[in-house]
Amino acid sequence: MSHDTEKAKLDLDVLESKRSQVSGSVDEYDEDEAKKIIWQIDRRLVTTVGIMYCISLMDRTNLSAAAIAGMNAELMLVGERYSIVTLVFFITYIVFQPPSTVIVRKIGPRIHLSFITFGWGAVMIGFGFAPSFEVLTALRVILGIFEAGFFPSCIYLLSTWYTRYEVGRRFSVFYLLGCVASACSGILAFGLMHLDGRANLSGWRWIFIVEGMITALLGIAGYWLLVDFPDSTRKSWRFLNDSQRAWVVRRVNADRGDAAVPKFDLGRFMGAGRDLKVWAYALIGFTSTSITYSLAYFLPIILHENLGFDVGASQCLVAPPYAFAGIYMYGMGWLGDHYRLRGPIIIANMIVCLIGLPILGWHSDSKVRYFGAFLVTAGANANIPASIAYQANNIRGQWKRAFTSATWVGFGGIGGIAGSLVFRSQDAPTGYKPGLYACIAFCLFTIVLVCLCDTAFYFDNKKADRGEKELETSEEDYQPGFRYTY
C-alpha cells in the first residue's frame, strides 16, 4: 500500500515538474500575441482546408443534382444502376485511406493535398463527357482513389495544431464550410443545368465540367495556401516564423504531451488497432456518415419524387436545411469546447435526428415533412465534427492519432456505402420507409456506443485520479496526467 502511495506521489511530482518546465516556454507570448497567432492559424489553415473540403463535398454530392437534371435518363441509370454508381466510389475510397496519413507526414500536406485535389478535379471534368453507365462507374472508382486521402489527412493536420479543447469549434468550422457547399451545390447545379445545349452538351454535363474546373484550380492554389505540420522543417508560404511554430508545438505538448513525432514504425502504427476504443470511434463515424451520405445522395430525389416538388425546387430546397445545419453545428461545437463535453454533444445530435426522421417520413403535410429534413440534416451533419473531436480528445500519440483518423474516415467510407444503399428506388412508393428505419437504427446504435465509451472513461479517470493507472501510455515518452473527456 505504501509502495503504491509513493509511486502515485512520484508520478504527480514528475507531472508537476514537466508542467512547470513547459509553462514557462508556453508563456513566451502574452495573451494578445498568442491570440493573434491562433487567429492566423485559424484564418490560413482552417479556412483553406475548409474551402477545399467544401469543393470535395460539392463534387461528391452533385451526382444527385445531375440525376434529376437528366443524367439518369440519358445514361439509362435504371434499376440499381444509380446506387451502383454511388457505391463504387467508396470501394477505392476506403482501400486507399489507411496509408494517407503516413504519406501526408512523409511528403507534406502542400504536395499531397494539392495533388489529389487537382486529380479529382480532372476526373470530375471527365464525368461531364461520360458516354455511358460503364464509363461513369469507372470514373467514380478513380475519383475514390484521389479523394481517399483528403479527409483523414485534413483531420490529422488540424489536430496537430490545436489543443484538445480548441479542436471542436475548428472541426465544426471545417465541416461547416462543407455544409455551405452542400447548401449551394443544388442552387449552383440549378443554374448550370440551364447551359443545356451549349457546345452540344446536356445541362447535367455542365454541372460536372464547371465544378471540376473550379476544383482543379483550387488544387493548384492549395500548393501555396496550405501549411505544413507545426513541427515540420518544411517551409509554408508566408506563414508563421520558426519561433511561433515552436511555441505552437510546446503549447500542444503541454496540453497532451504528443507533439513530438517518433520515427514511423509499422508495428506501433498498426498496434493502435489493439485499443477497442479506436474501433468504437470508427463505428460512431460509420453510423454518422451513413445518415449524412444518404441525405446527400437522396434528399433532392426524396423532395422531388416523394414530397412532390419540381426539379428546380428540389435542387434549391436542399440549401436551407444545410444552412441551418451549419449554424447548429457551430453552436454545438462551441458548447462542446466551452464546457469540455464530447459524448453528450453526440447524444444530443442523435436525439435531434430521432425527432426529425419520423417527421420527414410519416407526417401527412409535405411542408412539415420538409421541416423534418432540417432536423435530420442538422443533427446528422453536426455529429461529424462532434465525433471527430470525441476521438481526437481521447487518444494520445502521433501514430495512434494517424491510425485513428484513418480508421474513422475508413469506416465513414463504409457508411457511404451504406448510405448509398439505404434509400432504394423500389422503396419510393412506400415513402422510403425502410431507409428511414435504417437511419433511426443508426442513431440508436450511436447513442449506445457513446454511453459505453463514456462509462469506461469515467471509471478509467477515477482509477487514474487514485494513482492506480496511467492513461494512453502507448508512446514511450508519454506525459503523465492524461484524462479522458466524456
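Structural data are supplied above this passage.
Rules behind the numbers
- Residues numbered from 1 in each chain as written.
- Predicted model: local features only at pLDDT ≥ 70, side-chain atom pairs only at ≥ 80, totals over all residues.
- Heavy atoms only, no water.
- Core = buried A, V, L, I, M, F, W, Y, C linked by side-chain atoms within 4.5 Å.
- Buried < 20%, exposed > 50% of the residue type's maximum accessible area, 1.4 Å probe, protein only.
- Contact = heavy atoms within 4.5 Å.
- Helix = DSSP H or I, 4+ residues; strand = E, 2+ residues; numbered from the N terminus.
- Expected span 1.5 Å × (residues − 1).
- Phe/Tyr/Trp six-rings, centres within 6.5 Å; stacked < 30°, edge-to-face > 60°.

Trainee: I'd like a rundown of the nonpolar core, residues and numbers included.
Mentor: Formed by 137 residues in total, the largest nonpolar core has its most connected members in Ile-41, Met-71, Phe-151 and Trp-161. Residue contacts for Met-71: discarding those within four places in its chain leaves Leu-63, Ala-66, Met-76, Leu-77, Tyr-82, Leu-136, Trp-204 and Phe-208.

Trainee: Describe helix H17 (residues 398-422), naming the residues involved and giving the relevant values.
Mentor: Here H17 is 25 residues long and its end C-alpha atoms lie 36 Å apart, about the 36 Å a rise of 1.5 Å per residue gives. For H17, the buried fraction is high: 20 of the 25 residues fall into the buried class.

Trainee: Account for the packing of aromatic side chains, naming residues and giving values.
Mentor: The tally for this structure, following the rule as stated, stands at 31 aromatic pairs. The interplanar angle of 70° and the centroid separation of 5.6 Å between the aromatic rings of Trp-161 and Phe-239 together place this pair among those described as edge-to-face. Of this pair, Trp-161 sits in helix H7 (residues 150-161) while Phe-239 is found in the loop between helix H9 (203-225) and helix H10 (242-256), placing the two residues 78 residues apart along the sequence. On the basis of relative accessibility, which here comes to 12%, the residue Phe-239 falls in the buried class.

Trainee: Tell me about helix H15 (residues 343-362), residues and numbers included.
Mentor: A rise of 1.5 Å per residue sets the reference length of H15, with its 20 residues, at 28 Å; its end C-alpha atoms lie 29 Å apart and thus fit the reference within 8%. Inspection of H15 places Gly-343, Ile-345, Ile-346, Asn-349, Met-350, Val-352, Cys-353, Gly-356, Leu-357, Leu-360 and Gly-361 among the buried residues, and these make up the whole buried set. If you follow the buried residues of H15, they end up packed against helix H12 (276-306), helix H14 (319-338), helix H16 (366-393) and helix H18 (433-465).

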